[in-house]
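What the coordinates show
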Amino acid sequence: MTSSSSPSQDTERLAHAYPEGLRADALMEEDVAWSHEIDGERDGDQFDRSERAALRRVAGLSTELEDVTEVEYRQLRLERVVLVGVWTTGTVQDADNSLAELAALAETAGALVLDGVVQRRDKPDAATYIGSGKANELRDIVLETGADTVICDGELSPGQLIHLEDVVKVKVIDRTALILDIFAQHAKSREGKAQVALAQMQYMLPRLRGWGQSLSRQMGGGSGGGLATRGPGETKIETDRRRIREKMAKMRREIADMKTGRDIKRQERRRHKVPSVAIAGYTNAGKSSLLNRLTGAGVLVENALFATLDPTVRRAETPGGRLYTLVDTVGFVRHLPHHLVEAFRSTMEEVGDADLILHVVDGSHPFPEEQLAAVREVIRDVGATKVPEIVIINKADAADPLTLQRLMRNEKRSIAVSARTGQGMDELLALIDSELPRPSVEIEALVPYTHGKLVARAHSEGEVISEEHTPEGTQLKARVHEELAAELAPYVPAPLA
């Protein structure tokens, strides 16, 4: 990282600090991790006064291409962006990783990252997010790189957006708007599109801006009509806000209707006593890959953030023959916008209603503990803290062995797997089988062949210990739920006197 105030002095230090460059596509790789060889020589992140106050350029985020044909093609379809963040707490490495994740989000949205800078402040500036002087420096960077968009690593107020755009003279968006754009691109189901649309309208409502005719008023009311001007009417922007509120109310009703259909399916699974297992985790941790490996679901797998949004429910079977459902939920990210948490609350209820949560974390990420904390914060928001959790450390084939040891030592209920190679899958299935809630009643009955459905239900809803076919019927010993035990009770042999 170099200071924008003295780039010539810091170029040599940059070569030691980031030999490979901190590219967006390296977000999930090990070479971003802190190490004694590379970072240990620095004097505890101590900087001169001028360096602390300056915009700090994050090197290696550019994804600009050199091949002429690729450049011409991508410039037709990609926005050219500069990233800017405010570093308020934590270490310089934390600030760099946060901006690197923003770069990965920007690439997923289809943008071309040209540069990234970080400003060290106690708190974001209330007017321009980074301060008026640094906003002027940012304008110079935008002119130098030819960018057409600035993306801020945080949620900006409407006033901050307006003032920063006035200074840099290009479009400014924040992290929330970027994530909403990715969700809008990737939502495929009717419910997913409705949830994203609702979140976008919630975000857009306080940020509507008007000028010219947008601020002109309609004619006031009056019984005389014509030139009657009893009072000022709505401005155009007020009309737009009212229409958005009406659309939001309609969208909420539609989502509630779709939620009813999912609730009915969930109640049907409960009626048949089918346990539910929810897969939750950070975006790009490998949740869909794990679902495909366990069930052959054929869900889209892509090395991109939020590649799959719509929840997928698939039927699975434990090694002991017990049926259960696996639910792949939407991925989480640090500082997940509250608009999305609210809009996707009906989808996230699958996590709260599950019997077991498989919390997937990327073992190859340099800071997997941060991913765990971010996901658990959202799980807490949706009220699923009482659901048992198994931490699945995915991508074990690419992870640092020391990182795996640290995670498994800190997380008592954890297992290391690789959805790509199949490593640890048999152990995971056995662990799921042992953690799923078991039927409470053990029963031994002689079931007539005319009531074979009861035997089939014992296999699908319970746990069969032994089964023997006799001339009188099926001699069955099983653990079942109370309802099925009551139906099997007439066929339990009477105790000998």
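Residues numbered from 1 in each chain as written. Predicted model: local features only at pLDDT ≥ 70, side-chain atom pairs only at ≥ 80, totals over all residues. Heavy atoms only, no water.

1. Focus: the pattern of salt bridges
Counted according to the given criterion, the structure contains 15 salt bridges. Shared partners join several salt bridges into a network, and the residues in it are Glu-101, Asp-153 and Arg-175. (Salt bridge = Lys/Arg side-chain N within 4 Å of Asp/Glu carboxyl O.)

2. A short note on the nonpolar core
One recurring pattern in soluble globular proteins: nonpolar side chains tend to sit buried together. Formed by 95 residues in total, the largest nonpolar core has its most connected members in Leu-83, Leu-138, Val-150, Leu-326, Phe-332, Leu-358 and Leu-428. The element that contributes the greatest number of residues to this core is helix H5 (residues 92-109), accounting for 10 residues. The residues touching Leu-428, leaving out its near neighbours within four places in the chain, are Leu-290, Leu-294, Ile-392, Ile-415 and Val-417. Core analysis: the next-biggest nonpolar cluster, separate from the first, contains 12 residues, Ile-443, Leu-454, Ala-478 and Leu-484 among them. (Core = buried A, V, L, I, M, F, W, Y, C linked by side-chain atoms within 4.5 Å. Buried < 20%, exposed > 50% of the residue type's maximum accessible area, 1.4 Å probe, protein only. Helix = DSSP H or I, 4+ residues; strand = E, 2+ residues; numbered from the N terminus. Contact = heavy atoms within 4.5 Å.)

3. Examining the packing of helix H11 (residues 287-295) against helix H16 (residues 425-435)
Here H11 crosses H16 at 85 degrees, and the two axes come no closer than 11 Å. When the interaxial angle is binned, H11 and H16 end up roughly perpendicular. Residues Leu-290, Arg-293 and Leu-294 of H11 touch H16, and the partners they reach there are Met-425, Leu-428 and Leu-429. Partitioning the contact of H11 with H16 into residue classes produces five nonpolar, no polar and one charged. (Axes fitted to C-alpha atoms, helices over the stretch in contact; angles between N-to-C directions. Parallel < 35°, antiparallel > 145°, perpendicular 65-115°, else oblique. Nonpolar A, V, L, I, M, F, W, Y, C, P; charged D, E, K, R; others polar.)

4. Quick notes on the sheet that holds strand S13 (residues 441-447)
Read from one edge of the open sheet, three strands run S13-S15-S14, paired in antiparallel fashion. Pairing within the sheet leaves two strands with one partner each, and these edge strands are S13 and strand S14 (463-469). The average undirected angle you get between the axes of adjacent strands in this sheet is 10 degrees. Across six bridges, the pairing between S14 and strand S15 (residues 474-480) is antiparallel. Paired with Ser-466 across the strands is Lys-477, a residue of S15. (Pairing = 2+ DSSP bridges.)

5. Considering the environment of Leu-143
Examined against the element boundaries, Leu-143 turns out to sit in helix H6 (residues 132-145). Owing to a relative accessible area of 65%, Leu-143 belongs among the exposed residues under this scheme. In the structure, Leu-143 is positioned 27 residues away from Val-170 in sequence and 9.7 Å away in space, judged by C-alpha atoms.

6. Concerning H5
An α-helix turns once every 3.6 residues. As a result, residues three or four positions apart point the same way. Given a rise of 1.5 Å per residue, 18 residues ought to cover 26 Å, and the 26 Å separating the end C-alpha atoms of H5 matches this to within 8%. Within H5, 16 of the 18 residues are buried, leaving the element largely enclosed by the surrounding structure. Where H5 ends, the next residue or the one after it, Gly-110, has phi of about 100 degrees, a positive value. (Expected span 1.5 Å × (residues − 1).)

7. Describing the confidence of the model for the protein
Mean pLDDT over the protein works out to 76, with 74% of the residues at or above the 70 mark. Taken together, the stretch residues 38-44 has pLDDT below 50 and engages in 12 contacts with residues farther than four places along the chain or on a different chain. Throughout residues 68-77 the model reports pLDDT below 50, and contacts reaching past four residues in sequence, or to other chains, amount to nine contacts. (pLDDT = per-residue confidence, 0-100.)

8. With respect to helix H7 (residues 158-168)
Every buried residue belonging to H7 is among Gln-160, Leu-161, Leu-164, Glu-165, Val-167 and Val-168, and all of these are buried. When H7 is viewed along its axis, its buried side chains cluster within an angular range of 160 degrees and face the same direction. If you follow the buried residues of H7, they end up packed against H6, strand S5 (149-152), strand S6 (171-174) and helix H9 (190-204). One or two positions beyond H7, positive phi appears at Lys-169, with a value near 65 degrees. (Arc of directions from axis to C-beta.)

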